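Chain by chain, the residues:
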Amino acid sequence: MSLRYCKPIQRAAWKSSFISNNNLISASFSTTLGLLSTENNSLVVGPPQKSLIPPGNCQFGEDFTSVPLLGRTPVSHNSSVLKFGLPDENLPLNLSTCACILAQADVDNEAVIRPYTPISTNVQVGSFDLLVKNYGDQGTMSTHLHEIEVGDTLNFKHISFNVKIQAPFEQSHIVMLAGGTGVAPMIQALHAILGDAESKAKVTLLYGSQTSDDILGFDLLKQWEEDFPERLEVVHVLSDEDGDAGEFASGFVDQKLLEKHVPDIDSDETLVLVCGPPPMYEALCGPRDVPELTGILSDMGCSAEQVYKF
């Protein structure tokens, strides 16, 4: 087993500078938002930032707009955070929480479009960050994103259909079921939940990865778990770890694991957010683009109104 993610958290020195209008600006990646560490291949972001913007204010509209890649930072053996510019560099992205944007690129004379949820918040001015895993031959867009150079451009747009649910959430228990880069919208939501000093909502995140080397944002989630011990529980689940999984659960996010960590999952006070690869949707709640609820969550008594598929 890799011990890379078992090391004590190395707290980053959060460096920030403010201009006269109190907008946070960045010196490379050393800001309270988007601070990245390549030393331990993990996202290291400062404290959660609640910065909610109503729908309809995103800098990207219904037509694709081209913006440049400003930087790329590897965060695992096959994943990177890509920092893109914005049409107006003096403003934040102004994306509502939780929502995604659509990326478009011409690859081999074919227009490829994929949804992505930024892991940065609206505190970040002039740019936004995407967490992208390279799926190799199985991921046309992900491969393209890992091959483009800094300064190259990509097209983005945002439509109302890309708004799944809006923070703040009314429920007292938020259950997040994520796999791989499906943790991205969960990070976006956690900023809004944990960054709200008046909220008492509890969050349980069950996060599936293949091996410990594939876990994204381990130190970030560990830090927030320590800072909010009464409000956040993170359970890492490894499907392909060789030998003993150690402090992590083995297998997949399944009914047995849900019954152990979320016995009240069918309560009206529980909201369930799901994001991961297609087999995860199939097993837990049914296909992403099908509104009906099936799978394990349906078997456990959840209603379709409780479950949001990102």
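Residues numbered from 1 in each chain as written. Predicted model: local features only at pLDDT ≥ 70, side-chain atom pairs only at ≥ 80, totals over all residues. Heavy atoms only, no water.

**Some words on the overall build of the chain**
Consideration 1: Per the secondary structure count, the chain includes six helices and 16 strands.
Consideration 2: The buried share of the chain, taken over its 310 residues, is 54%.
Consideration 3: Within the chain, counting contacts between residues at least 6 apart in sequence, those at least 24 apart form 72% of the total. (Helix = DSSP H or I, 4+ residues; strand = E, 2+ residues; numbered from the N terminus. Buried < 20%, exposed > 50% of the residue type's maximum accessible area, 1.4 Å probe, protein only. Contact = heavy atoms within 4.5 Å.)

**Focus: the pairing of strand β5 (residues 65-74)**
Consideration 1: For β5 and strand β10 (residues 153-157), the ladder comprises four bridges, and the chain directions are antiparallel. Across the sheet, the residue bridging to Val67 is Leu154, located in β10.
Consideration 2: Summarising the sheet, β5 and strand β6 (residues 79-85) pair through five bridges and their orientation is antiparallel. Across the sheet, the residue bridging to Gly71 is Lys83, located in β6.
Consideration 3: Between β5 and the antiparallel strand that follows it, β6, lie four residues. (Pairing = 2+ DSSP bridges.)

**Quick word on the environment of His146**
Consideration 1: Secondary-structure assignment places His146 in helix α1 (residues 140-147).
Consideration 2: Sequence-wise, His146 and Pro74 are 72 residues apart; in three dimensions their C-alpha atoms are separated by 9.9 Å.
Consideration 3: Side-chain polar atoms of His146 contact the backbone oxygen of Ser142, separated by 2.9 Å. (Polar contact = N/O pair within 3.5 Å; in protein donor to acceptor, adjacent residues only side chain to side chain.)

**Regarding the nonpolar core**
Consideration 1: Judged by nonpolar contacts, the single largest core of 61 residues is most densely connected at Met176, Leu177, Leu258 and Leu297.
Consideration 2: If one sorts the elements of this core by residue count, helix α2 (residues 183-194) sits on top with nine residues.
Consideration 3: Those residues in contact with Leu177 that sit more than four places away from it in its chain are Met186, Leu206, Val253, Leu258, Val272, Leu273, Val274, Cys275, Met280, Leu284 and Leu297.
Consideration 4: Leu69, Leu82, Met141 and Phe156 belong to the second largest nonpolar core, which has 24 residues in total. (Core = buried A, V, L, I, M, F, W, Y, C linked by side-chain atoms within 4.5 Å.)

**Quick look at the UniProt feature "binding site: FAD" (unreviewed entry) in the chain**
Consideration 1: UniProt tags Arg114, Pro115, Tyr116, Leu131, Lys133, Met141 and Ser142 as "binding site: FAD" (unreviewed entry). For the residues just named, distributed over 29 residues, the greatest C-alpha separation is only 13.1 Å, placing them together at one site.
Consideration 2: Within the secondary structure, Pro115 sits in strand β8 (residues 110-116).
Consideration 3: A residue is classified by how much of its surface remains accessible, and Pro115, at 35% relative accessible area, is partly exposed.
Consideration 4: In this view, Pro115 contacts Cys100, Ile101, Leu102 and Arg288; residues no more than four positions away in its chain are not counted.
Consideration 5: Following the sequence through the fold, Leu131 ends up in strand β9 (residues 127-133).
Consideration 6: Of the residues examined, Leu131 reaches a relative accessible area of 4% and is grouped as buried. (UniProt positions renumbered as here; feature names shortened; annotations may be inferred.)

**Here we look at the packing of aromatic side chains**
Consideration 1: Tallied over the full model, the rule gives six aromatic pairs.
Consideration 2: Relative to Phe156, the ring of Phe84 has its centre 5.0 Å away and its plane inclined at 70 degrees; by these criteria the two rings are edge-to-face. In this pair, Phe84 is assigned in strand β6 and Phe156 in strand β10, connecting sequence segments 72 residues apart. A single burial state applies to Phe84 and to Phe156, both of which are buried.
Consideration 3: Taken together, a centroid distance of 6.0 Å and an interplanar angle of 90 degrees make the contact between Phe218 and Phe248 edge-to-face. With Phe218 in helix α3 (residues 218-227) and Phe248 in the loop between β13 (232-238) and β14 (249-250), the pair connects residues that are 30 residues apart, well separated along the chain. The same class applies to Phe218 as to Phe248, namely buried. (Phe/Tyr/Trp six-rings, centres within 6.5 Å; stacked < 30°, edge-to-face > 60°.)

**Considerations on the environment of Ser51**
Consideration 1: Relative to the elements of secondary structure, Ser51 occurs in the loop between β4 (42-43) and β5.
Consideration 2: With a relative accessible area of 18%, Ser51 lands in the buried category.
Consideration 3: Distance from Ser51 to Asn122, taken between C-alpha atoms, is 5.5 Å for residues 71 residues apart in sequence.
Consideration 4: If sequence neighbours within four positions are ignored, Ser51 has contacts with Thr121, Asn122 and Val123.

**Points about the pattern of salt bridges**
Consideration 1: For the coordinates displayed, the defined rule picks out two salt bridges.
Consideration 2: A salt bridge links Lys50 to Asp196; its shortest N-O distance comes to 3.3 Å. Note that Lys50 is positioned in the loop between β4 and β5 and Asp196 in the loop between α2 and β12 (202-209), a separation of 146 residues in sequence. (Salt bridge = Lys/Arg side-chain N within 4 Å of Asp/Glu carboxyl O.)

**Some words on α2**
Consideration 1: The end-to-end C-alpha separation of α2 is 16 Å, in line with the 16 Å expected for twelve residues at 1.5 Å each.
Consideration 2: With twelve of twelve residues buried, α2 lies mostly within the body of the structure.
Consideration 3: Those residues of α2 not exposed but buried are Val183, Ala184, Pro185, Met186, Ile187, Gln188, Ala189, Leu190, His191, Ala192, Ile193 and Leu194. (Expected span 1.5 Å × (residues − 1).)

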